[in-house]
Each structure stands twice: as C-alpha cells, then as structure tokens.
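Okay, here's what each chain looks like letter by letter:
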Amino acid sequence: MLGAKALSIAWSATVFWRWRSLPESRFSEVAELVAVCWLEIKGKFKPSMLSSKTTYAAYLVYNIGPLSRGLDFPAKTLVRHVDGNEDADDDVAMTVAYLKPWNTNTHTERIGGVPRKRTDGWMEIELGKFYNDKTDGEIDIRFTEISELYWKSGLIVEGIDIRPINEEQYT
C-alpha cells in the first residue's frame, strides 16, 4: 500500500489539506481535506516492486468525515504503465468512480465504480486494473475531480492499495 505521504496530492502542502494521526490508520499520518475545488491524487511506483505476470487492481483507501461536502460528484480514475513521458497517453480512457454512495436526489443516472466498506473500517473505491508484465517505467495511478469546481471537504485519505486479483472474476 502507498500511504498518503507517498502520494502526490494537489495542494497538500497548503492550508487546504492537513496531515493528522489517526489510531485506526496503519500509517503515522493521513491526509485530511480541509477545502479545495481541484481534487487530484496521484501515485507512482516501479512495476518491479510487484510480481510479474500478475493482474492487479488499485484502490483508493479513504474515509469521509462528518462535515464533508462536494464529494458526491463523479471522479475520473486511471491506472496505466508509463514508459518515460507520462503525457504521451493523455487520450487513455479514464473510468468513473464515486466516493459516496448514490444519492437519488443528486444524480439521475449512476455509471461507474461505487465504494465499499473494508474490514479494517476504511472505505475503498477501485481506481483500475493492470497486468504487470514489465519491469521498466512506472505504474501511474490517478484520482481526479476537476470538472465540478465546487468546494470539497471532509475526505480523509489513507493511501492507495495495490492487490493481485483473480482475473477470472472479471471476465
């Protein structure tokens, strides 16, 4: 798992995010969103850190605080292998995910991933899958909500979990 400190979180070095310790986290600090309009979380790691010839899924691990707002809009997610120039594949299809369960008063139609509660008490949303057959380059993981420029707050990010998956369940 990549902890929140290992991620690139837009505006995290400002007053818009705060770093705090939570006893339920496996990490010494998590990132808590105070208020932003531009929500962007990125993670990168070397594929050589994982077993080769294996399919993996990446999950954003988070919770939502009691005074949250603006987190019910669809976010775009992406998981891909990058060989040097990360902007070379800007036309790669992103998928859609939601941080909050569906509210029929907010959305008339719901397409995309939905969150689930983990056994450790955190929530997770799948960001994407990838087959690890390379040892060079990097795996690039993104979660962004930059279309609806409303204020967002209350998101608590523990990190991004990368786990092997049984490919048969997805065919």
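Residues numbered from 1 in each chain as written. Predicted model: local features only at pLDDT ≥ 70, side-chain atom pairs only at ≥ 80, totals over all residues. Heavy atoms only, no water.

Bringing the nonpolar core into the picture now. Ranked by internal contacts, the top residues of the largest apolar core, which has 31 residues, are L39, L60 and L155. Elements that contribute at least two residues to this core include exactly β4 (30–33), β5 (39–45), β6 (54–69), β7 (75–82), β10 (123–132), β11 (138–145) and β12 (153–164). Setting aside residues up to four positions removed in sequence, L60 forms contacts with I41, L99, M123, E124, I125, L127, F143, V157, G159 and I160. Counting 5 residues, the second-largest nonpolar core is a separate cluster that includes L22, V30, W122 and I156. (Core = buried A, V, L, I, M, F, W, Y, C linked by side-chain atoms within 4.5 Å. Buried < 20%, exposed > 50% of the residue type's maximum accessible area, 1.4 Å probe, protein only. Helix = DSSP H or I, 4+ residues; strand = E, 2+ residues; numbered from the N terminus. Contact = heavy atoms within 4.5 Å.)

Glancing now at the packing of aromatic side chains. Evaluated as defined, the whole model comprises 4 aromatic pairs. When the ring of Y56 is compared with that of F130, the centres are 5.6 Å apart and the planes differ by 20°; the resulting orientation is stacked. Of this pair, Y56 sits in strand β6 while F130 sits in strand β10; the two residues are 74 residues apart in sequence, bridging distant segments of the chain. For F130, a relative accessible area of 8% translates into the label buried. (Phe/Tyr/Trp six-rings, centres within 6.5 Å; stacked < 30°, edge-to-face > 60°.)

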